[in-house]
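Chains, contacts and geometry: an overview
The primary structure of each chain is shown beneath.
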Amino acid sequence: MLLDVPRPALRLGFDPDALRANWQALDRLSGDARAGAAVKADGYGLGARQVVPVLHAAGCHDFFVAHWSEADALLDIAAPGSISVLHGPLTDADVAFALASGATPVINSLEQARRWLAAGGGRCHLMVDTGMNRLGLPMADLGDESVAALDVDVLLSHLVSAEEETPFNAVQRDRWEEARRAVLHQRASLANSAGIALGSGYHGDLTRPGIALYGGVPRAEMAGDLRQVVRPQVAILQVRNVAAGETVGYNATFTAKTAMRTGTIALGYADGYLRCWSGKGRFLAGGQVLPVLGRVSMDMTVIDLSSAPGLREGDWVTADYALPEASAATGLTQYELLTVLGQRFAR
Ligand SMILES: *Cc1c(COP(=O)(O)O)cnc(C)c1O
């Protein structure tokens, strides 16, 4: 039987105009380079399938995902050659998928280079590790004959601390320049979101912003250029009157000083609204601020409706989720704040 499943009582408010404006700002800040987009982890939790068409319409033609399965999810909405897979071809099945789909592998090691070449290879990208010591070809392997045999479109590297002022940024830039001299390639790419603000020496031909597209502010000087893109929105399941002296939620961590009106909303830590928001999160409705009372639980959170007496069961409220402030309040990174948002949100 095909049931008409009701819409969930929580949704991710998504502002495509803000996303478009953020990409355009980052493309402009990238100077002579073009801006691509990191859309891994389901577009940082926003939903890659709703993010990619907006970015494409804005003029973005280079999309980076981590896993092959993430490329597969985009093949019907993006040109396969515009999708690059950062983890690269780890298995023969990955190579077969790359060849069949047309998605572009990022080669990260001599093993991956040889696996790609043995299968016939073709156009690929090459990630060089200039100091992260995480994933990428060691500088010492740049002269290997299998590297010389690759047909490299983008030669890329990734910055360790682009959001900080550290001499290591220039060290990595210089190593990336050295790699550019050592390996034939079409385009070069170094900067993530924060790296774009480091200036033209870090831009090459292509930048790879992620977090800043989605409203994260990795460096304070970028704040004026970036807009909030995503706002968690949630319905009120129940309105209650709590008497003075009563407590709210698990472990009774909040006690009402006076009689108050509360709302129970359909959002909890299972949705990525983690327990660190307990007693400090805030929701917004009609310009009023509605603080979180007591503990966040798995599927529900209780908020103070005192300032918004008109709110009823079924009405919607919006989480105060501006990323820099939310990060300062919780200690979660702006990246975590987006990527924890769970599957129960309608996107
Ligand atoms: C995630 C990622 C990016 C984007 O980084 P942001 O800090 O989100 O801008 C760029 N390049 C690589 C290789 C990445 O893994």
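Residues numbered from 1 in each chain as written. Predicted model: local features only at pLDDT ≥ 70, side-chain atom pairs only at ≥ 80, totals over all residues. Heavy atoms only, no water.

As recorded in an unreviewed UniProt entry, the protein chain goes by the name Alanine racemase, listed as coming from Novosphingobium beihaiensis. Here is the UniProt Catalytic activity (unreviewed entry) comment for the protein chain, exactly as written: "L-alanine = D-alanine". Note on the protein chain: under the UniProt heading Function (unreviewed entry), the record states "Catalyzes the interconversion of L-alanine and D-alanine. May also act on other amino acids." (UniProt positions renumbered as here; feature names shortened; annotations may be inferred.)

1. So, the UniProt feature "active site" (unreviewed entry) in the protein chain
Under the present numbering, the feature "active site" (unreviewed entry) in UniProt falls on Lys40 and Tyr250. A maximum C-alpha distance of 35.5 Å among these annotated residues, which run over 211 residues, shows that they spread across the structure rather than meeting at one spot. As for the annotated residues named above, the ones lining the largest pocket are Lys40. Position of Lys40 relative to the elements: it lies in helix H2 (residues 40-44). Using a relative accessible area of 27% as the deciding quantity, one classes Lys40 as partly exposed. Once you skip the residues sitting within four places of it in the chain, Lys40 turns out to touch Phe64, Val65, Ala66, Glu70 and Leu86. Take Tyr250: it is sitting in the loop between strand E13 (247-248) and strand E14 (254-255). Residue classification places Tyr250 among the exposed positions, given a relative accessible area of 55%. (1 Å grid on protein atoms, 1.4 Å probe; cavity = no way out; pocket = protein on both sides within 12 Å on 5 of 7 lines; lining within 4 Å. Helix = DSSP H or I, 4+ residues; strand = E, 2+ residues; numbered from the N terminus. Buried < 20%, exposed > 50% of the residue type's maximum accessible area, 1.4 Å probe, protein only. Contact = heavy atoms within 4.5 Å.)

2. Digging into the nonpolar core
Within the largest apolar cluster, 89 residues are counted, with the highest numbers of intra-cluster contacts made by Val39, Leu55, Leu126, Tyr214, Phe283, Leu290 and Val317. Of the residues forming this core, the biggest block, six residues, is contributed by helix H3 (residues 48-58). Beyond its immediate sequence surroundings of up to four residues, Leu55 is in contact with Leu19, Trp23, Ala37, Val39, Cys60, Phe63 and Leu213. Judged by nonpolar contacts, the second largest core, of seven residues, contains Leu86, Val106, Val154 and Leu156. (Core = buried A, V, L, I, M, F, W, Y, C linked by side-chain atoms within 4.5 Å.)

3. Some thoughts on the packing of aromatic side chains
Across all of its chains, the model carries six aromatic pairs by this definition. Centroid distance Tyr44 to Tyr335: 6.3 Å. Interplanar angle 35°. Geometry classified as tilted. With a gap of 291 residues between them, Tyr44 in helix H2 and Tyr335 in helix H11 (residues 334-339) connect regions that are remote in the sequence. Classification of Tyr44 by relative accessible area gives buried; the value is 6%. Given a relative accessible area of 39%, Tyr335 falls into the partly exposed group. Seen in terms of ring centroids, Trp68 and Phe97 are 6.0 Å apart; in terms of plane orientation they differ by 70°. Their pairing is edge-to-face. In this pair, Trp68 is assigned in helix H4 (residues 68-72) and Phe97 in helix H5 (residues 92-101), connecting sequence segments 29 residues apart. (Phe/Tyr/Trp six-rings, centres within 6.5 Å; stacked < 30°, edge-to-face > 60°.)

4. Quick look at the environment of Asn133
If you trace the backbone, Asn133 turns up in the loop between strand E7 (123-129) and strand E8 (137-138). Its relative accessible area of 70% is what places Asn133 among the exposed residues. Sequence spacing of Asn133 and Gln334 is 201 residues, and the spatial spacing of their C-alpha atoms is 23 Å.

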